[in-house]
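Spelled out from the first residue to the last, the chains are:
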Amino acid sequence: GNFSPMGVLWASIGASPAYETFAGCAETLAGVLLIFPRTTMLGALVCAADMTQVFVLNMTYDVPVKLFSFHLLLMAVFLLAPDLQRLADFFFRERAVAPPKPMRLFHSQRGNRIALGAQILYGICLLAANAYDGWTNWHVYGGGSPKSPLYGIWDIKELAIDAQERSPLLTDYQRWRRTIFDSPERMSLERMDDSLVRYNAAINSNDKTIMLTKSADKNWKGDFTYQRPAENQLILDGKMDGHKIHMEMQLLERGQFVLVNRGFHWVQEYPFNR
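Notes on the structure in this doc start here.

Cut-offs used in this document
- Sequence order sets the numbering: in each chain, residues are counted from 1 along the sequence as written.
- This being a predicted model, a pLDDT of at least 70 is required before a residue's local features are given, and a value of 80 or more before pairs of side-chain atoms are given or counted; all residues contribute to the totals for chains, interfaces and linings.
- In computing side-chain values, all of the structure's heavy atoms are included and hydrogens and water are not.
- Structural elements are reduced to axes, namely lines fitted to C-alpha atoms, with helices fitted over the stretch in contact, and the angle between N-to-C directions of any two is expressed from 0 to 180 degrees.
- A run of H or I in DSSP becomes a helix once it reaches four residues, and a run of E becomes a strand once it reaches two; helices and strands are each numbered from the N terminus.
- For classification, angles of less than 35 degrees are called roughly parallel, those exceeding 145 degrees roughly antiparallel, those between 65 and 115 degrees roughly perpendicular, and all remaining angles oblique.
- Left-handed describes a crossing whose near helix is turned anticlockwise from the far helix through less than a right angle; right-handed describes the clockwise counterpart.
- Contact criterion: two residues are considered in contact whenever any of their non-hydrogen atoms come within 4.5 Å of each other.
- Amino acids are sorted into nonpolar (Ala, Val, Leu, Ile, Met, Phe, Trp, Tyr, Cys and Pro), charged (Asp, Glu, Lys and Arg) and polar (every other residue, Gly among them).
- In this analysis, a patch consists of residues with relative accessible area above 30% that form no salt bridge, clustered at 9 Å for like charges and at 5 Å for the nonpolar side chains Val, Leu, Ile, Met, Phe, Trp and Tyr.
- Here the open area of atoms and residues is found with the Shrake-Rupley method and a 1.4 Å probe, where only the protein chains shown may cover a residue.
- Any Lys or Arg side-chain nitrogen found within 4 Å of a carboxyl oxygen on Asp or Glu counts as a salt bridge.
- Here the term buried applies to any residue with accessible area under 20% of the maximum for its type, exposed to any over 50%, and partly exposed to those in between, with areas from a 1.4 Å probe on protein chains only.

**Structural notes on the packing of helix α2 (residues 17-35) against helix α6 (residues 109-140)**
Alright, step 1. One can describe the packing of α2 onto α6 by two numbers: an axis separation of 9 Å at closest approach and a directional angle of 160°. Between α2 and α6, the angle falls in the class roughly antiparallel. Every pair of crossing elements has a handedness; the one defined by α2 and α6 is right-handed. Listed contacts from α6 to T28, V32, L34 and I35 of α2 are Q119, I120, G123 and L127.
Alright, step 2. Taken together, the residues of the contact of α2 with α6 break down into five nonpolar, three polar and no charged.

**Let's talk about the packing of helix α3 (residues 40-60) against helix α4 (residues 66-80)**
Alright, step 1. Where α3 meets α4, the axes come as close as 8 Å, and the angle between the chain directions of the two elements is 155°. Between α3 and α4, the angle is such that the two are roughly antiparallel. With respect to the hand of their crossing, α3 and α4 are arranged in left-handed fashion. Contacts between α3 and α4 pair M41, A44, L45, C47, A48, M51, T52, V54, F55, N58 and M59 from the former with K66, S69, F70, L72, L73, A76, L79 and L80 from the latter.

**Let's talk about a nonpolar patch on the surface**
Alright, step 1. Taken together, the side chains of F90, F91, F92 and V97 present a nonpolar region at the surface, about 490 Å² in accessible area.
Alright, step 2. As for its position among the elements, V97 is in the loop between α5 (84-93) and α6.
Alright, step 3. With relative accessibility at 34%, the residue V97 sits in the partly exposed group.

As structure tokens, then:
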């Protein structure tokens, strides 16, 4: 319930790498087919199908590229416009479809060959640039990105504020339930009501220190030292919002989550939906 609609879409797509790869390949296929004149109509059809889905998802999950995806859809329809009559004959009128009329840019065969070569070269450059961009993003934001030295979801077993122990009551809004370390520069605290507070985190593994800051408040700062008695145990001591904080945490096993351990089942007698 605390996810935004876009967060729900991003999380659900990311939860299935196979579907994420399939969707990306379908979009890439449309782009590759558009490079060659003989496959332009097929590429535009694939693109129209891809972008219809993308546009509807953007509209229904409030993703902020609605106009851009709609423009791409219109471009696909524009490329299909010269062949709409032939497509209607094939799909709806059960008529024989004549081959398309050749459309040449230049009168000379040599000029058309040069134009085709330039088009293919430009397409190769686009593929290379996007492949490099995807590779870079994978290592900066995706599964190949660096992880925090304290990577994981940590259950806060004991929490003391100014030496006063805070029991894990659902009505205690100031009490935290979990600490989450993902990227090296970020840390999140989950409250008892499951809402998240995100911080910038500078973790020094040598000195065992964590300095927290907020992007919205340049003057705010929190300082902690940490101990890790065991691989699945973490102790934080420090100061934050003018209060002394002591936290003892235990690492959650990632494999215990159903989303991770459910796996694939070709045959199911009953739906598994929980």
